[in-house]
Amino acid sequence: MNDLVDFWLEHLPAMLDGLMVSVQVTGVSLAIGVPLGLLLALAVQSRSKPMRGIAIVVVEVGRGAPALILLQFTYFGLPNAGLSLDSFSSAVIALAWCTGAYTSEIIRAGLEAVPHGQKEAAEAIGLNHLDALRYVILPQALRVSVPALLGFSILMLQASSLCFAIALPELVSQAYLIGSTTFRYMPILVLAGLLYAAICIPATIAVSALERKLGAHA
Amino acid sequence: MSLNSSSITQADVAPKQPLLRLDAVGKTFGTHVVLEDIDLSLAAGEVVAIIGPSGSGKSTLLRCINQLEPPTTGRVTIGDTTIEAGHTPTRRELMVLRRSIGMVFQSFNLFPHLTVLRNVSLAQERVMGRTREQADAVSMQLLARVGLADKAQQFPSRCSGGQQQRIAIARALALDPQIMLFDEPTSALDPELGLEVLSVMRELAEGGMTMIVVTHEMRFAENVSDRVIIMADGRIVEQGPSGTVMRNPQTERAQRFLHAVKDR
Ligand SMILES: Nc1ncnc2c1ncn2[C@@H]1O[C@H](COP(=O)(O)OP(=O)(O)OP(=O)(O)O)[C@@H](O)[C@H]1O
Ligand SMILES: [Mg+2]
């Protein structure tokens, strides 16, 4: 037991470095992906056919293709097309795409939850489309979407472990690296799992609490 | 107490040229004809009640007037802006129209995420370009007029239905409209709460506001409005001075409707 704790303590700094990378790649992907999801949700409802078409393709590919395939496509596939990216950038593109696709559905559901009378009232008092969206529809739609968006963010942190496949030095990659030099794969992967859990379990509890709070005010 | 002090002068200059005119307005949804050949003209200061059976097109008529529902035929003229069916109105035309016409809905449709004050101020800032201070000051006056100044910082969900509808009236008045449209403003309310809304509307009417009121309140139609329009099956079947129409309707369809209402 002491031996295990010593082993963990010895490798904790490297593992925390990996966790930082996991959190960073997730954070940047969400920061790009969620606004993308909002734009896609609006584009899918757009009156312009080409816009709708493009949005639907982006969403369906992002949701249809496994995240691992998207990662490998951006990292190994794009260089064939003349675009070489480092692993962090590739990871962000793939995960932001995935995030945009899934969150567009979450946000679309939020937009649909806003009663039609709200849009009519906004139009009747003279607001233009953009103002109606900005001041009346979106605040209500996003409030509905927030718990699902946060839940999705937690899933994305876990999904970022797939980035080990493109040599991004995130938590799981670090664990494998340590495993391959010490031949103690099991204990180090357990530590990786514990570190994910240390973030995800409190975050999940916080999200459900928020959900209850928002539900109580609705 | 006057809710619209400027309208006396409006009434003096406007009688020849109507404030609002509908010419042969029609609306179809697919093949379903909902409004047919509606002609209507409204002088400044006039209060018109529209009554008629459910599904006769009363709400659709109001929604065609402010283009929430674009008419399929005919034209709507307000002041010197005319919107022809079939042409998408320009942003400017739409803006003129929406600023000239305030609308109050059966289900209030207040913005639940904004305080009462913000509900009333929002359009003043975004549409009229007032600063927040200016807008809030005007909103406070309007809320005081509908008797709800003390609710300014509350959220709408904390207000009763009657209070919410009065807030909705203040919100519609905030753009200084020339005409107010009411679509069954008391139908979602208990009779008692309805009364407080009706009394605000009566004050508005007495202050000279031009109003079109779709209502099931026969007393309001008879006593407050100058003119009553009875609709059935998408058409105007009878119209005239409220006393005459309500007590002595000429057409068979109008008699049948009023009979049914009074028997209840
Ligand atoms: N968006 C729409 N699409 C299709 N049909 C519609 C639409 N809006 C209204 N209608 C139809 O138009 C007819 C008139 O509806 P409207 O709501 O104007 O009647 P109303 O006189 O206001 O009735 P009520 O007294 O019940 O409010 C109804 O048959 C209704 O089903
Ligand atoms: Mg109606």
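Residues numbered from 1 in each chain as written. Chains lettered and ligands numbered in written order. Predicted model: local features only at pLDDT ≥ 70, side-chain atom pairs only at ≥ 80, totals over all residues. Heavy atoms only, no water.

Visitor: What should I look at first to understand the environment of B:Leu42 in this one?
Guide: Residue and element names in this part refer to chain B. Residue placement: Leu42 occurs in strand E2 (residues 32-42). Under the relative-accessibility criterion, Leu42 is labelled buried at 0%. With 208 residues separating them in the primary sequence, Leu42 and Gln250 have C-alpha atoms 22 Å apart. In contact with Leu42, other than residues within four places in its own chain, are Pro18, Leu19, Leu20, Val48, Thr210, Ile212 and Arg227. (Helix = DSSP H or I, 4+ residues; strand = E, 2+ residues; numbered from the N terminus. Buried < 20%, exposed > 50% of the residue type's maximum accessible area, 1.4 Å probe, protein only. Contact = heavy atoms within 4.5 Å.)

Visitor: I would appreciate a short explanation of the pairing of strand E6 (residues 101-104) of chain B in the present structure.
Guide: The side chains of a regular strand alternate, residue by residue, between the two faces of the sheet. Residue and element names in this part refer to chain B. Residue alternation in E6 divides its side chains into two sets, Ile101 and Met103 and Gly102 and Val104, and both sets are buried. Pairing of E6 with strand E7 (residues 179-183) involves four bridges; the strand directions are parallel. By the bridge assignment for E7, Met103 is matched with Leu181. (Pairing = 2+ DSSP bridges.)

Visitor: Can you walk me through the interface of chain A and chain B in this structure?
Guide: Interface extent is often summarised as the accessible area lost during association of the parts. Of the residues lining the interface, 18 residues belong to chain A; the matching set on chain B comes to 21 residues. In this assembly, chain A packs against chain B so that about 1,700 Å² is buried in total across both faces, 59% of it on carbon and sulfur atoms. Contact with chain B buries surface across chain A, with A:Glu120, A:Ala124 and A:Ile125 losing the most and accounting together for 33% of the total. At the junction of chain A with chain B, the criterion picks out two salt bridges. On the surface where chain A and chain B come into contact, there are eight residue pairs in polar contact (both at pLDDT 80 or more). Only helix H5 (116-124) and helix H6 (129-159) of chain A provide two or more residues apiece to the side of chain A that touches chain B. (Buried area = accessible area lost by both parts, 1.4 Å probe. Salt bridge = Lys/Arg side-chain N within 4 Å of Asp/Glu carboxyl O. Polar contact = N/O pair within 3.5 Å; in protein donor to acceptor, adjacent residues only side chain to side chain.)

Visitor: Whenever I open this one, a nonpolar patch on the surface confuses me. Can you help?
Guide: A grouping of A:Phe164, A:Tyr176, A:Phe183 and A:Tyr185 is seen on the molecular surface, where their side chains present a nonpolar patch of about 450 Å² in accessible area. Looking at the secondary structure, you find A:Tyr185 in helix H8 (residues 185-217). (Patch = residues over 30% accessible without salt bridge, like charges linked within 9 Å, V, L, I, M, F, W, Y side chains within 5 Å. Areas by Shrake-Rupley, 256 points an atom, 1.4 Å probe, with all protein chains shown as cover.)

Visitor: In this structure, what is going on with the UniProt feature "transmembrane region" (unreviewed entry) in chain A? I would like to understand it.
Guide: Residue and element names in this part refer to chain A. The feature "transmembrane region" (unreviewed entry), as given by UniProt, occupies residues 20-42, 54-75, 144-168 and 188-210 in the numbering adopted here. Secondary structure across residues 20-42 comprises 100% helix and 0% strand; the distance between its end C-alpha atoms is 33 Å. Along residues 144-168 the backbone is 64% helical and 0% strand, and the end-to-end C-alpha distance reaches 34 Å. (UniProt positions renumbered as here; feature names shortened; annotations may be inferred.)

Visitor: How should I be thinking about the site of ligand 1 in this particular structure?
Guide: All names here are of chain B. Neighbouring ligand 1 are Phe29, His32, Val34, Pro53, Ser54, Gly55, Ser56, Gly57, Lys58, Ser59, Thr60 and Glu184. One of the backbone nitrogen or oxygen atoms of Gly57 is found 3.0 Å away from an oxygen atom of ligand 1. Lys58 is positioned such that a nitrogen or oxygen atom in its side chain is 2.8 Å from an oxygen atom of ligand 1. Starting from 640 Å² of accessible surface for ligand 1 in isolation, the protein chains cover 61%. Elements represented by at least two residues in the shell around ligand 1 include exactly E2 and helix H2 (58-65). Among the elements that line the shell around ligand 1, the one with the most residues is H2, at three residues. Taken together, the residues of the shell around ligand 1 break down into three nonpolar, seven polar and two charged. (Near = heavy atom within 4 Å. Nonpolar A, V, L, I, M, F, W, Y, C, P; charged D, E, K, R; others polar.)

Visitor: Teacher, can you tell me more about helix H10 (residues 252-263) of chain B here?
Guide: Residues three or four positions apart in an α-helix share a direction because the helix packs 3.6 residues into each turn. Residues and elements named next belong to chain B. Spanning 12 residues, H10 covers 16 Å between terminal C-alpha atoms, matching the ideal 16 Å at 1.5 Å per step. Among the residues making up H10, those that are buried are Ala254, Phe257, Leu258 and Val261. Across the axial projection of H10, the buried residues extend over an arc of 95°, all falling on one side. Pointing more than 90 degrees away from the buried face of H10 are the exposed residues Glu252, His259 and Asp263. For H10, the secondary structure elements touched by its buried residues are strand E3 (47-51), helix H8 (218-223), strand E9 (227-232), strand E10 (235-241) and helix H9 (242-247). (Expected span 1.5 Å × (residues − 1). Arc of directions from axis to C-beta.)

Visitor: Help me understand the packing of aromatic side chains, please; the structure alone is not making it clear to me.
Guide: What characterises a pair of aromatic rings is the spacing of the ring centres plus the angle enclosed by the ring planes. Tallied over the entire structure, the rule returns four aromatic pairs over all chains. By the ring-pair criterion, three or more aromatic residues cluster together here, those being A:Phe164, A:Tyr176 and A:Tyr185. Taking the ring centre of A:Phe7 as reference, the NZ or CZ of A:Arg184 above it sits at 4.2 Å. For the cation-ring pair, B:Arg171 lies above B:Phe111, with the distance from its terminal atom to the ring centre recorded as 4.6 Å. (Phe/Tyr/Trp six-rings, centres within 6.5 Å; stacked < 30°, edge-to-face > 60°. Lys NZ or Arg CZ within 6 Å of the ring centre and 35° of its normal.)

Visitor: I would appreciate a short explanation of the sheet that holds E2(B) in the present structure.
Guide: Whether parallel or antiparallel, the strands of a sheet pair through hydrogen bonds between backbone atoms. All names here are of chain B. With antiparallel pairing, four strands are arranged side by side in an open sheet as E2-E1-E4-E5. Of all strands in the sheet, those bounded by a partner on one side alone are E2 and strand E5 (81-84). For this sheet, the mean inter-axis angle between neighbouring strands, taken without regard to orientation, is 20°. Bridge count for strand E4 (residues 73-78) against E5 is four bridges, and the pairing is antiparallel. By the bridge assignment, Arg75 is partnered in E5 with Glu84. The strands touched by H2 are strand E1 (20-29), E2 and E4; relative to E1, the strand with the most contacts, the crossing angle is about 120°. (Axes fitted to C-alpha atoms, helices over the stretch in contact; angles between N-to-C directions.)

Visitor: What should I look at first to understand the pattern of salt bridges in this one?
Guide: When the charged atoms of two side chains lie near each other, side chains of opposite charge can form a pair. Residues and elements named next belong to chain A. What the rule picks out here adds up to 18 salt bridges over all chains. One salt bridge in this structure joins Asp3 and Arg184, with 3.4 Å as the shortest N-O distance. Of this pair, Asp3 sits in helix H1 (residues 2-44) while Arg184 is found in the loop between helix H7 (171-182) and H8, placing the two residues 181 residues apart along the sequence.

Visitor: Help me understand the state of the cysteines, please; the structure alone is not making it clear to me.
Guide: Here, disulfide denotes a covalent bond that connects the sulfur atoms of two cysteines. Taken as a whole and judged by the stated rule, the model has zero disulfides over all chains. Distance from the sulfur of A:Cys200, which forms no disulfide, to the nearest cysteine sulfur (A:Cys163) is 14 Å. (Disulfide = S-S within 2.5 Å.)

Visitor: What is the right way to read the environment of B:Gly57 from this model?
Guide: All names here are of chain B. Along the chain, Gly57 turns up in the loop between E3 and H2. A C-alpha to C-alpha distance of 20 Å links Gly57 and Gly86, two positions 29 residues apart in sequence. Beyond its immediate sequence surroundings of up to four residues, Gly57 is in contact with Val34, Leu35 and Met231.

Visitor: Would you explain the side chain of A:Glu120 in this entry?
Guide: Tracing the chain through its elements places A:Glu120 in helix H5. A distance of 2.7 Å separates a polar atom in the side chain of A:Glu120 from a polar atom in the side chain of B:Arg63. In this structure, A:Glu120 is in contact with B:Arg63, B:Leu68 and B:Phe105, ignoring residues within four places of it in sequence.

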